[in-house]
Amino acid sequence: MEPIPLSHLACCSCSDSGITYGVASNSSPSAGLVAVLDVRQGMLSAAETPCHPQQDRELAQTKQTQVIQTSPPLAFDIHGAVASPNGRYLAVSGYDHQEEDQAILVVVDIYGGQVLPMPHSVSKHRKVQQQQQQQQQQEEQPPLLKVKQCMAHQVDYQLFASRKGLTVQQVAWHPHSEAHLVVLTSDNCLRLYHLSDLSMAEQTFHLKVHIPGAAGSSGFGLSAAASAVDATAFSFGPATSWGFFTIYVLASSGALYALCPVAPFGMPCPASALQAALADAEQAGEEDPAEDEEDESILEGGRGSGASGRAWLSMAFGSGLEAVTAAGSTGTVAMPRFALPYASPALQGPLNAGAPSAALGADRAVSLCAMHQLSPVQEASSLTGMGSMHMQVLTTLTSATAHGTVFAHVLPGLLRAAWAGQPPITAVARGSSQLPSHSAGPYGRGGGSIWGGEDDEDVLVSLKMECECLGPDAPGGADSAGVGTS
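Residues numbered from 1 in each chain as written. Predicted model: local features only at pLDDT ≥ 70, side-chain atom pairs only at ≥ 80, totals over all residues. Heavy atoms only, no water.

Caption draft 1: Spatial organisation of the environment of Val410. By secondary structure assignment, the location of Val410 is in strand β22 (residues 406-412). When the C-alpha positions of Val410 and Asn352 are compared, they lie 9.6 Å apart, and in sequence the two are 58 residues distant. (Helix = DSSP H or I, 4+ residues; strand = E, 2+ residues; numbered from the N terminus.)

Caption draft 2: Summary view of the side chain of Asp363. The residue Asp363 is located in the loop between β19 (344-348) and β20 (365-380) in this model. Although Asp363 lies buried, it forms no salt bridge, and the closest oppositely charged side chain, Arg364, sits 8.2 Å away as judged by the N-O distance. Leaving out residues up to four positions away in the same chain, Asp363 has contacts with Ser252, Thr401, Ala402, His403 and Thr405. (Buried < 20%, exposed > 50% of the residue type's maximum accessible area, 1.4 Å probe, protein only. Lys, Arg positive; Asp, Glu negative; His and termini not counted. Salt bridge = Lys/Arg side-chain N within 4 Å of Asp/Glu carboxyl O. Contact = heavy atoms within 4.5 Å.)

Caption draft 3: Layout of the pattern of salt bridges. Across all of its chains, the model carries six salt bridges by this definition. For the salt bridge of Arg364 with Asp230, the shortest nitrogen-to-oxygen distance reads 3.2 Å. Here Arg364 is found in the loop between β19 and β20, whereas its partner Asp230 is found in the loop between β13 (203-207) and β14 (231-236), with 134 residues between them in sequence. As a salt-bridge pair, Arg416 and Asp280 come within 2.8 Å of each other at their nearest N and O atoms. Placement of Arg416 in the loop between β22 and β23 (419-420) and of Asp280 in helix α4 (residues 271-287) is noted, with a sequence separation of 136 residues between them. Like Asp280, Arg416 is buried. Sharing partners across several salt bridges, the network here consists of Arg163, Asp187 and Arg191.

Caption draft 4: Examining unusual backbone geometry more closely. Backbone torsion omega between Ser71 and Pro72 reads 0°, so that peptide bond is classified as cis. If you check the backbone angles, Asp156 has positive phi at about 45° while not being a glycine. Note that Asp156 resides in the loop between β9 (146-154) and α3 (157-162). Positive phi, close to 50°, is recorded for Ser241, a residue that is not glycine. Mapped onto the elements, Ser241 comes out in the loop between β14 and β15 (247-251).

Caption draft 5: Focus on the packing of aromatic side chains. On inspection of all chains with the given rule, the structure shows eight aromatic pairs. Measuring from centroid to centroid gives 5.8 Å for Trp242 and Trp312, while their planes differ by 50°, and the two rings are tilted. Here Trp242, found in the loop between β14 and β15, pairs with Trp312, found in helix α6 (residues 309-317); they are 70 residues apart in sequence, far enough to count as distant. By relative accessible area, which is 2% here, Trp242 ends up buried. Residue Trp312 is classed as buried on the basis of its relative accessible area of 5%. Ring centres of Phe245 and Trp312 lie 5.4 Å apart, and the angle between their planes is 75°; on these two criteria the pair is classed as edge-to-face. Taken as a pair, Phe245 in the loop between β14 and β15 and Trp312 in helix α6 lie far apart in primary sequence, 67 residues in all. (Phe/Tyr/Trp six-rings, centres within 6.5 Å; stacked < 30°, edge-to-face > 60°.)

Caption draft 6: Spatial organisation of a negative patch on the surface. The grouping of Asp77, Glu99, Glu100 and Asp101 at the surface amounts to a negative patch. With respect to the helices and strands, Asp77 occurs in strand β5 (residues 77-83). (Patch = residues over 30% accessible without salt bridge, like charges linked within 9 Å, V, L, I, M, F, W, Y side chains within 5 Å. Areas by Shrake-Rupley, 256 points an atom, 1.4 Å probe, with all protein chains shown as cover. Charge placed at Lys NZ, Arg CZ, Asp CG, Glu CD.)

Caption draft 7: Highlighting the sheet that holds strand β16 (residues 256-260). Pairing is antiparallel across the open sheet formed by five strands, whose spatial order is β14-β15-β16-β19-β23. Edge strands, defined here as strands with exactly one partner in the open sheet, are β14 and β23. (Pairing = 2+ DSSP bridges.)

Caption draft 8: View of the environment of His194. Secondary-structure assignment places His194 in strand β12 (residues 189-194). Those residues in contact with His194 that sit more than four places away from it in its chain are Ala179, His180, Glu202 and Phe265. Polar contacts involving the side chain of His194 include one to the side chain of Ser196, which spans 2.8 Å. (Polar contact = N/O pair within 3.5 Å; in protein donor to acceptor, adjacent residues only side chain to side chain.)

As structure tokens, then:
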């Protein structure tokens, strides 16, 4: 097949390895096709070429390596695409042709496809062309583009088909779990989907972002007072301590929030991150003795409105926590299917309260990028009594508005986990040998510890949580107050 003209592409996304995937616009002759481009050599060459900072650099050595056809075809208006870091999957979002207010989100399994046979006539024509080129230029003709057919799996069809007007604000692959897709929608819900079952969200976080002083809403939805401020973008925390479980959220007003803990089921958790999180929880207990009493209440089944990080870690990982937090422990442990029965993770913030970036007026915040600088620091550990290394973190949260204004926020240190509000709504199934599909099991209020591994225990299938906002003055962490804006 001939290469797809770059002018036909509606959007592009690049994997960590430098492979770029371009999705053709549905109005172009290449509609429904995905171009695979290798830009690695071109980027290296461009970096070595002297160039003015404001001058565009052309990637002359960019080449298409194959074309992907999907089954079923991508027969909708393409608005965006996000490649997974390992390049195995491509999430493509857009809107239906006939129902313009119906969002569509699909995941293309790139590695799971098969190469289609090339027509004999085309191969013969190209062979003659190659011979002519070799005689004239004494160089090898680039090989024919392979055509690969890959499956496209629709994400949560029932949700988008039943809720016309629901839009996709942002889609991203979770950086610590390559099997999880994170989706932010216009109903202020952050949803986590696992690739094993894209028909329903594994976890749903309803972000209760609202104007300070305005009455919030009840249930999963926004009140009239709250609807003026909605979540528009998100980014992930650093890969250490509680940052490993943190997602930063940007509201349309420009206000920044942190949600912690967010823990995809099965996510590989490094021992170093859990050790740092537990050490931070121990420090919080020393600074505030009330934390210890709260720990005991929660571990004994008390129904308080909040919970400490130490209690959450102990309940989630059980006896496995001692093994991974022991001195010298390395490796990873999978995040259990667990939810705290008596409260939901809380939004902390606005982190930039009082700053111009948190009150945009007629403007609207639309994008967020988090960058983290980690520096190792030697410190005596209260757990082992020996010197240990921990990571000092400096986070820069950069937000941008629809009118082109960019704000940079400096967040020293890490926020701690926080809980508030109502217990999660849970879906559970009996036995762990085979997890149920989206139709299995009614939803009900959580009333006990819902994680298990034995065949005769209840296994957590999905969660829905209402995440209340604690406010800017709530204690979220030792270093959370010092947020600088430029």
